[in-house]
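# Overview (structure and organization)
Here are the chains, one letter per residue:
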Amino acid sequence: MRKDDTPNQDRRHALECMLWGGSGLLWTVAGGVPRSSLLGTPEAHAQSAQGGFSFVHISDTHLGFNMAPNPDPTVTLQESLERAKSFRPAMMLHTGDVTHLSRPGEFDRAAQIINATGIETHYAPGEHDVVEDDGKDFFQRFPQGARTGGFYSFDQAGVHFICLNNVTNLQAGKMGMIGAQQLHFLEQDLSARSASTPIVVFAHIPLWVVHEPWGWGTEDSAQLLRLLARFGSVTVLNGHIHQTMQKVEGHVAFHTGMSTAFPQPAPGSRPSAGPIRDLPPGELRKLLGVNRVTRVQNQAALAVVSSPLEG
Amino acid sequence: MQSRRFLLASAPALLAAIPMAQAQQPATVTIDDHDYAPRELRVAPGTKVVWNNKDDTPHNVVSTDNPRAFRSRILDTDEVFEFTFASPGTYSYYCSLHPHMQGRIVVG
Ligand SMILES: [Cu+2]
């Protein structure tokens, strides 16, 4: 990727992230300076093709939703999974809202469609998944976090992955919440890791404040960031807001993913956060899709590239 | 669902005509655009309150009291939740899917 980092800048400090916008531009952000190159150019190709280990981030599949602008999200889920498969990912992370209404049939349909890809998938719960009966139907199908109530960690290809649940026991007027139990787990879990281990944290609600009036943030994310402060490469992947958003803070790169079901408005741009119903024809698939995440050798930060179904 | 909506819509007219029947008539909170309308509803003891989700997003109705005075299942579009308030008091609630949505029922 970029070879012109300033000489006195530790490579670990040169956080880079990439995303494809709907315009077909490949953006590279290095040291806070965005650069773009047209898709299909050699530079763009080189940037996207590097690296051995890659996985897909998918979110907000909302099976059971059946209104404008997308009467059948199973179709767009299947299209998203075709896109995911084309990347030949090592695995997939789903950052929640698998279903719309937490109904058993919705969970079964989602599990059936996603399992058919053969891609190993790790799930974080969304509030739509665990709103009834302490998430019984979610954890029955996706048992990885069942014992703890939704948090766990694992290692793959030298990267340490942490799944958090910040959607249970939401308090009136408040944003998402990690809670003392999970922060304690995290402290113990991270204590054995060296500072050079790349860390990926995934959870449903954004782990930074995107828009407080809509609850788009996490109350106790500052405590999480303190625990992560000594690590050289931290990538945070979230869903919930049904649009891509990025932020880099020190060694921590925050990314949200698109939904595969319906887009939501930019923060504060409409009276409420409901689905964007009045999309012009042909626009829906430009706003749905997946993220591809790649570990590029000799780069500390993971490259996160958003890939809409069209455009 | 259509007939139920008609009944609810006609409730205010009945109230005006027969004030003595007030406690027997259900009162309605409409959920739309990620909000409860009205956010504060005043009713007499014994009144049944009906929350009607007219939004294209699912919501619920969860008491903030400990222990909770009431809690609905998740309400899809056009689904309703009913609760009858027997005792005077102020009952605050919120949507546990969208916690910035808050309302209260004042019974007295
Ligand atoms: Cu709600």
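That block above? That's the structure.
These notes cover the structure that comes with them. All figures in this text were calculated on a predicted structure; none of them were measured in a lab.

To continue, consider the packing of aromatic side chains. Summed over all chains, the structure comprises 25 aromatic pairs over all chains. Between Tyr 123 of chain A and Phe 142 of chain A the ring centres are 3.8 Å apart and the planes differ by 25°, which places this aromatic pair in the stacked class. One end of the pair, Tyr 123 of chain A, is in strand S6 (residues 121-123); the other, Phe 142 of chain A, is in the loop between helix H4 (136-141) and strand S7 (152-156), with 19 residues separating them in the sequence. Accessibility assignment for this pair places Tyr 123 of chain A and Phe 142 of chain A in one class, buried. When the ring of Tyr 152 of chain A is compared with that of Phe 202 of chain A, the centres are 6.2 Å apart and the planes differ by 75°; the resulting orientation is edge-to-face. Here Tyr 152 of chain A is found in strand S7, whereas its partner Phe 202 of chain A is found in strand S9 (residues 199-202), with 50 residues between them in sequence. Each member of the pair, Tyr 152 of chain A together with Phe 202 of chain A, is buried. Members of the aromatic cluster, joined through ring pairs, are Tyr 36, Trp 51, Phe 70, Phe 81, Phe 83, Phe 85, Tyr 91 and Tyr 93 of chain B.

Moving on: the coordination of the copper ion. Residue and element names in this part refer to chain B. Bound to the copper ion are the protein donor atoms His 59 (ND1), Cys 95 (SG) and His 98 (ND1), situated 1.9 to 2.2 Å from the metal. Mapped onto the polypeptide sequence, the residues donating to the copper ion form the spacing pattern H-x35-C-x2-H. Of the two residues, His 59 is situated in the loop between strand S4 (47-53) and strand S5 (62-63) and His 98 in the loop between strand S7 (89-94) and strand S8 (102-107); the sequence distance between them amounts to 39 residues. Across this residue pair, the class does not change: His 59 and His 98 are buried.

Turning to the interface of chain B and chain A, a few remarks are in order. Across the contact, 19 residues belong to chain B and 23 residues belong to chain A. It is Asp 56, Ile 74 and Leu 97 of chain B in chain B that bury the most area against chain A; as a group they hold 31% of the surface buried on that side. Seen at the junction of chain B and chain A, the total is five salt bridges. At the surface where chain B touches chain A, the tally comes to seven residue pairs in polar contact (both at pLDDT 80 or more). For the side of chain B that touches chain A, the residue count by class is five nonpolar, eight polar and six charged.

Moving on: the layout of surface pockets. Residue and element names in this part refer to chain A. When its volume is computed, the largest pocket comes out at roughly 530 Å³. Around the largest pocket, the lining comprises 27 residues; the ones closest to its centre are Val 130, Asp 134, Val 167, Thr 168 and Asn 169. Taken together, the residues of the lining of the largest pocket sort by class into ten nonpolar, ten polar and seven charged.

One water molecule sets the probe size; rolling that probe over the atoms shows where empty space is left. For the structure on display, the rule yields two cavities of 30 Å³ or more. Forming the walls of the largest cavity are 26 residues, and the residues nearest its centre are Glu 127, His 240 and Gln 264 of chain A together with His 34 and His 98 of chain B. Residues that form the lining of the largest cavity fall into these classes: ten nonpolar, 13 polar and three charged.

Rules used throughout
Residues numbered from 1 in each chain as written. Chains lettered and ligands numbered in written order. Predicted model: local features only at pLDDT ≥ 70, side-chain atom pairs only at ≥ 80, totals over all residues. Heavy atoms only, no water. Phe/Tyr/Trp six-rings, centres within 6.5 Å; stacked < 30°, edge-to-face > 60°. Helix = DSSP H or I, 4+ residues; strand = E, 2+ residues; numbered from the N terminus. Buried < 20%, exposed > 50% of the residue type's maximum accessible area, 1.4 Å probe, protein only. Donors = N, O, S within 2.8 Å, 3.2 Å for Na, K, Ca; no water. Contact = heavy atoms within 4.5 Å. Buried area = accessible area lost by both parts, 1.4 Å probe. Salt bridge = Lys/Arg side-chain N within 4 Å of Asp/Glu carboxyl O. Polar contact = N/O pair within 3.5 Å; in protein donor to acceptor, adjacent residues only side chain to side chain. Nonpolar A, V, L, I, M, F, W, Y, C, P; charged D, E, K, R; others polar. 1 Å grid on protein atoms, 1.4 Å probe; cavity = no way out; pocket = protein on both sides within 12 Å on 5 of 7 lines; lining within 4 Å. Points joined across faces, edges and corners; volume = space filled by probe spheres on them.

So yeah, pure geometry; function would need other evidence.
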